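So the chains spell out like this:
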Amino acid sequence: MEPVYRSLEVACTLGLRAVGSKLALSGLENIPPEGGAVVAINHTSYIDWLPAAMATKPSRRPLRFMIKAEMKDVPGVNFLITRSKTIPVDRSAGAGAYAVAVDNLRAGELVAVYPEATISRSFELKEFKSGAARMALEAEVPIVPMIVWGTQRIWTKDHPRRLGRHKIPIAVAVGESIAPTGTVAELDATLHTSMARLLDEVIETYPYSPGAQWIPARLGGGAPTPARAAELDAAEEAERARRRAQGGRG
């Protein structure tokens, strides 16, 4: 195990202990003991990566995360990205990162992907981008569905962070691997169905109070409906575009 990645695992373990969060892991037998695989993770918070990485710790298989390239500009983060073999993605030109990810998969690595690309404000699965399916087919490796639940209570969009000792439980469930067969659209649909089913199973066993803002609207929670969440996403993207245009004029 690489020393930097191992150090990050230790830091994450200590961090979870400090905030009092218990990590419930299930389906770890579905993580391939060897060989490449795309690990597809749902995206409800800014810290989904932490419990996802901890889920592969027992198998001693590091996850090679694909993250937005802007993170390299954060002081100290570029060092961690380089030493942990994280794959930066420039959203305006993602072909390079895609090629690196496929090479990693062919080399027998586990590459972690967020098929939704951005955080789901509704905490339901959004429509998937096709990258996970395309990578699996091109590299001829399986896709492993993974659901992380509970982190949206700690740090997500439109809500204040809760980084103190909150004792919020976190669940991670790993589903059965999906063979890289069929067309991109067919594999993508199979992945979405598998992850939606796994998400429902996790929510069913997770303790919650009706009306909580981190519960999907269809279950009586206070989260935005998928339609409302899409409107908020569109407004956010429009504001970003406006700021980029202003920056260019400046």
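An unreviewed UniProt entry lists the protein chain under the name 1-acyl-sn-glycerol-3-phosphate acyltransferase, with Mycolicibacterium insubricum as the source organism.

Turning next to a nonpolar patch on the surface. Among the surface-exposed residues, L8, F79 and L80 lie close enough to one another that they form a single nonpolar patch of about 230 Å² accessible area. Its location among the elements puts L80 in helix 3 (residues 77-83).

Let us now look at the nonpolar core. A general tendency of soluble globular proteins is for nonpolar side chains to be buried together. Residues V38, I41, M66 and M135 are the most contacted members of the largest nonpolar core, which totals 65 residues. A total of seven residues in this core trace back to one element, the largest contributor, which is helix 6 (residues 184-205). Other than its neighbours up to four places away in sequence, M135 contacts V38, M66, Y98, A101, V102, L105, V113 and E140.

Mapped onto the elements of the fold, E138 is located in helix 5 (residues 131-139). In the structure, E138 is positioned 15 residues away from R153 in sequence and 36 Å away in space, judged by C-alpha atoms. Among residues more than four places away in sequence, those in contact with E138 are Y98, V102 and R106.

Spatial strand order, 1-7-6-2-5-3-4: seven strands in an open sheet with mixed pairing. At either end of the open sheet lies a strand with only one pairing partner, and these are strand 1 (23-26) and strand 4 (87-89). Strand-to-strand twist in this sheet, taken as the mean axis angle between neighbours without regard to direction, amounts to 20°. Here helix 4 (residues 95-106) sits on the sheet and contacts strand 2 (37-41), strand 3 (63-68), strand 4 and strand 5 (110-113); the angle it forms with strand 4, its principal contact strand, is near 155°.

You will see that K85, though not glycine, has its phi angle at about 60°, which is positive. Position of K85 relative to the elements: it lies in the loop between helix 3 and strand 4. The exposure class of K85 is partly exposed, given its relative accessible area of 41%.

Quick look at the packing of aromatic side chains now. Applying the stated rule across the entire model yields three aromatic pairs. Between Y46 and W155, the aromatic rings sit 5.3 Å apart at their centres with planes inclined by 50°, giving tilted as the arrangement. Of this pair, Y46 sits in the loop between strand 2 and helix 2 (49-55) while W155 sits in the loop between strand 6 (143-149) and strand 7 (170-174), and the two are 109 residues apart along the sequence. A relative accessible area of 39% means that Y46 is categorised as partly exposed. Taking 5.7 Å as the distance between ring centres and 80° as the angle between the ring planes, the aromatic pair formed by Y206 and W214 counts as edge-to-face. Taken together through their ring pairs, the aromatic side chains of Y206, Y208 and W214 make up a single cluster. Geometry around W155 places R161 over its ring, the cationic atom sitting 5.0 Å from the centre.

With that settled, the discussion passes to the pattern of salt bridges. Inspection of the entire model under this criterion finds 17 salt bridges. The partner of D233 in a salt bridge is K126, with the nearest N and O atoms 3.2 Å apart. Of this pair, D233 sits in helix 7 (residues 226-249) while K126 sits in the loop between strand 5 and helix 5, and the two are 107 residues apart along the sequence. With a relative accessible area of 18%, D233 lands in the buried category. Put simply, R240 and E237 hold a salt bridge, and the shortest N to O gap is 3.9 Å.

What counts, and where the lines are drawn
- Residues numbered from 1 in each chain as written.
- Predicted model: local features only at pLDDT ≥ 70, side-chain atom pairs only at ≥ 80, totals over all residues.
- Heavy atoms only, no water.
- Patch = residues over 30% accessible without salt bridge, like charges linked within 9 Å, V, L, I, M, F, W, Y side chains within 5 Å.
- Areas by Shrake-Rupley, 256 points an atom, 1.4 Å probe, with all protein chains shown as cover.
- Salt bridge = Lys/Arg side-chain N within 4 Å of Asp/Glu carboxyl O.
- Helix = DSSP H or I, 4+ residues; strand = E, 2+ residues; numbered from the N terminus.
- Core = buried A, V, L, I, M, F, W, Y, C linked by side-chain atoms within 4.5 Å.
- Buried < 20%, exposed > 50% of the residue type's maximum accessible area, 1.4 Å probe, protein only.
- Contact = heavy atoms within 4.5 Å.
- Pairing = 2+ DSSP bridges.
- Axes fitted to C-alpha atoms, helices over the stretch in contact; angles between N-to-C directions.
- Phe/Tyr/Trp six-rings, centres within 6.5 Å; stacked < 30°, edge-to-face > 60°.
- Lys NZ or Arg CZ within 6 Å of the ring centre and 35° of its normal.

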